[in-house]
Amino acid sequence: MTAISPSRYASAAIALHWILAISLLFQVGLGGGLEHLPKGVAQFAGYQFHKSVGITILLLSLLRLGVRLARPRPAPVPDGKVQMLAARAVHVLLYAIMIGGPITGWVIVSTAKVRLQTMLFGVVPWPDLPVGQALHEPAEVLHGLLGPMTLALVLLHVAGALYHHVKREDVIGRMLPKAITSRSSISIAAALAVVAGFAALVSGRGMTFAAPAAAPVTEASTATAFDDPLPEASASAPEASASAIAEEPAPVASEEAATTAKASPWALEKGGRLGFTADYSGEAIEGSFGRWDAKIVFDPKDLAGSSIRATIDLASVESGDGQRDDMLKSDSFFGVTTHPTAQFVSTAIQEAGPDRYVANGTLSLHGKSRPVALRFTLKIAGDTATAKGSASLQRLAFGVGEAEWSATDQLKDAVGIDFSFRARRK
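Residues numbered from 1 in each chain as written. Predicted model: local features only at pLDDT ≥ 70, side-chain atom pairs only at ≥ 80, totals over all residues. Heavy atoms only, no water.

Enquirer: Mind laying out the overall build of the protein chain, listing which residues take part and the relevant values?
Expert: Secondary structure assignment for the protein chain yields seven helices and 13 strands. Here the protein chain holds 426 residues, and 43% of them are scored as buried. Within the protein chain, contacts between residues separated by at least 24 positions form 67% of all contacts whose residues are at least 6 apart in sequence. Summed over all atoms, the accessible surface of the protein chain reaches about 22,400 Å², with 63% contributed by carbon and sulfur. (Helix = DSSP H or I, 4+ residues; strand = E, 2+ residues; numbered from the N terminus. Buried < 20%, exposed > 50% of the residue type's maximum accessible area, 1.4 Å probe, protein only. Contact = heavy atoms within 4.5 Å. Areas by Shrake-Rupley, 256 points an atom, 1.4 Å probe, with all protein chains shown as cover.)

Below, the structure written as structure tokens:
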């Protein structure tokens, strides 16, 4: 017996068709707008979201293909051989883009020199493909063509549907719910679908991803060193606003120290450096932070009344490689979306020799707090001080470098910290 073709598509096919149509146009717009996002946290978040939408489209497309193969569908509308061949080609190419597009992006991510853990919508970890580096460049070329190809195919698909609608052939109605049957209601639904598709394209293009906001500056901190601009990581680093990082007043060692302390506050001058060094496969990876500040109260003769509170904007990390910087900002390392800053608060400062000191304190990083000792030299000439120091820490103690980066055979656990700056007495 010959199976009778249904008059319309199955409900699951209809739902998946429209969800995928809107998602695909949104993804094309989103992909086109990524390069225009501000570099740093915003662009990193944009690419992560783009990957999440792409994997979602891939899964929905596979489901749609399964429904197409499992459920009977309406017979093709009779037409000329050229028109029917073109319609079939457009459908096949749309499936190829819906499935092949996310896969090429997946290959790009899986073969990047510095791999970033893909987290679907920031929640579900997504693995890399076990493919070779040779596929990276071809995948990039194909992926770069997806935007214009998708738009061209969608326009052809819509034009074909409208062509049959004008000929009073019920093609659009077969992909609409049963309640929509009259020609006028189908025309309205078609117009709304075109508007919705255009809106999805525009909204994807206009998506913005703001950097995580720091806590508001408290009234007690407005008269601290944050009244001055944040020091730059180098002479060429852009100047940043001091209000970008919140601060609390430094703790006073005791009531007696508060009344008898000789230690005075110091304000950092521009041009300081806060850097780090890590060992990756025997190669020294160096980086620095472009935005950081410290509230310092210090006097060599009153170490009990002296204190240091430093705050670092982790999103300002620079290591000489954009992909590596994005990786460092990801949840696997600094996790700047949930922990935008790190903070060191001293608990005791001791003399270690002429002009040499050790500041013992607590470093809060990536949601964890651990003791750290800063060793530094300090020379004071009048109201100007010059400091230079270093520290070492274990990154895994702070949960920095999770998942595949938790092993220490390539990326060592020990990380060196170095800093230098000039300060003036307030």
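Enquirer: Tell me about the pairing of strand β4 (residues 273-280), residues and numbers included.
Expert: Of the strand pairs in this sheet, β4 and strand β13 (residues 411-425) are connected by seven bridges, and their pairing is antiparallel. Paired with G275 across the two strands is D418, which belongs to β13. Bridging between β4 and strand β5 (residues 283-289) involves six bridges; their strand directions are antiparallel. Each residue of the ladder has a partner; that of F276, found in β5, is G287. (Pairing = 2+ DSSP bridges.)

Enquirer: Break down the packing of helix α1 (residues 11-33) against helix α4 (residues 136-166) for me, with residues and values.
Expert: Taken N-terminus to C-terminus, the directions of α1 and α4 make an angle of 140°; their axes are 10 Å apart at the nearest point. It follows from the interaxial angle that α1 and α4 lie oblique. Along this stretch, α1 crosses α4, giving a crossing that reads as left-handed. On α4, the residues that touch H17, L24, L25 and V28 of α1 are G147, T150, L151, V154 and H157. Across the contact of α1 with α4, the residue classes break down as five nonpolar, four polar and no charged. (Axes fitted to C-alpha atoms, helices over the stretch in contact; angles between N-to-C directions. Parallel < 35°, antiparallel > 145°, perpendicular 65-115°, else oblique. Left-handed = near helix turned anticlockwise from the far one by under 90°. Nonpolar A, V, L, I, M, F, W, Y, C, P; charged D, E, K, R; others polar.)

Enquirer: So what's going on with the nonpolar core? Residues and values would help.
Expert: The biggest cluster of nonpolar side chains holds 44 residues, and the ones touching the most others in it are F298, F334 and F376. The biggest single contributor to this core is β13, with five residues. For F334, the contacting residues outside a window of four places in its chain are F289, L314, V317, L328, H339, L365, H366 and V400. (Core = buried A, V, L, I, M, F, W, Y, C linked by side-chain atoms within 4.5 Å.)

Enquirer: Describe the packing of aromatic side chains, listing the residues and the values that go with them.
Expert: Taken as a whole and judged by the stated rule, the model has 10 aromatic pairs. Taken together, a centroid distance of 5.3 Å and an interplanar angle of 50° make the contact between W106 and W126 tilted. In this pair, W106 is assigned in helix α3 (residues 81-110) and W126 in strand β2 (residues 124-126), connecting sequence segments 20 residues apart. Look at W106 and you get buried, because its relative accessible area is 18%. Relative to F334, the ring of F289 lies with its centre 6.0 Å away and its plane at 40°, an arrangement referred to as tilted. Taken together, the residues F289 in strand β5 and F334 in the loop between α7 (322-329) and β9 (341-353) connect sequence positions 45 residues apart. For the pair shown, F289 and F334 are each scored as buried. One aromatic cluster is present, built from ring pairs that chain together F26, F49 and F121. (Phe/Tyr/Trp six-rings, centres within 6.5 Å; stacked < 30°, edge-to-face > 60°.)

Enquirer: Explain the side chain of T150 to me, using residue names and the numbers behind them.
Expert: Here T150 lies in helix α4. Look past the residues within four positions of T150 in its chain and what remains in contact with it is L24, V28 and I97.

Enquirer: Describe the pattern of salt bridges, with residues and values.
Expert: Using the criterion set out here, one finds four salt bridges in the structure. In this structure, D418 engages R273 in a salt bridge whose closest nitrogen and oxygen atoms are separated by 2.9 Å. Taken together, the positions of D418 in strand β13 and R273 in strand β4 put the pair 145 residues apart, joining distant regions of the chain. A residue is classified by how much of its surface remains accessible, and D418, at 23% relative accessible area, is partly exposed. When its relative accessible area of 27% is taken as the criterion, R273 is described as partly exposed. (Salt bridge = Lys/Arg side-chain N within 4 Å of Asp/Glu carboxyl O.)

Enquirer: Outline unusual backbone geometry, listing residues and values.
Expert: A positive phi angle is found at D355, which is not glycine, with a value near 60°. Even without glycine at this site, H366 takes up a positive phi of about 55°. The class of H366 is buried, set by a relative accessible area of 11%.

Enquirer: Residue-level account of the side chain of R174, with values.
Expert: Topologically, R174 is positioned in the loop between α4 and α5 (183-205). The class for R174 is buried, based on a relative accessible area of 12%. If we ignore the near neighbours within four places in the chain, the residues touching R174 are S7, R8, Y9, I14, P74, A75 and V77.

Enquirer: Run through the packing of α3 against α4, naming residues and quoting values.
Expert: Put simply, α3 and α4 touch, their axes get as near as 8 Å, and they point 145° apart. Classified by chirality, the crossing of α4 by α3 is left-handed. Here the residues of the contact of α3 with α4 sort into 14 nonpolar, nine polar and one charged.

Enquirer: Account for α1, naming residues and giving values.
Expert: For α1, built from 23 residues, the straight-helix expectation of 33 Å at 1.5 Å per residue is met to within 8% by its first-to-last C-alpha distance of 34 Å. Residues of α1 that are buried: A13, I14, L16, L20, L24, L25, F26, Q27, V28, G29, L30 and G33. (Expected span 1.5 Å × (residues − 1).)

Enquirer: Summarise the environment of V336; cite the residues concerned and give the values.
Expert: Topologically, V336 is positioned in the loop between α7 and β9. V336 sits 21 residues away from A315 along the chain, and the two C-alpha atoms are 6.2 Å apart.

Enquirer: I'd like a description of the pairing of β9, backed by residues and values.
Expert: In the sheet, strand β7 (residues 307-313) pairs with β9 via five bridges, with the strands oriented antiparallel. Within β9, the position partnered with A310 by the bridge is F344. Across nine bridges, β9 lies against strand β10 (residues 356-365) in antiparallel orientation. Paired with E351 across the bridge in β10 is Y357. Hairpin connection between β9 and β10: a loop of two residues separates the two successive antiparallel strands, and D355 in this loop has a positive phi of roughly 60°.

Enquirer: Got a sec to walk through α7? Specific residues and values, please.
Expert: Summarising burial for α7: six of the eight residues are buried, a large majority. For α7, the set of buried residues is R324, D325, D326, M327, L328 and K329. Where α7 starts, the residue carrying a side-chain oxygen 2.9 Å from the main-chain nitrogen of R324 turns out to be D321. (Polar contact = N/O pair within 3.5 Å; in protein donor to acceptor, adjacent residues only side chain to side chain.)

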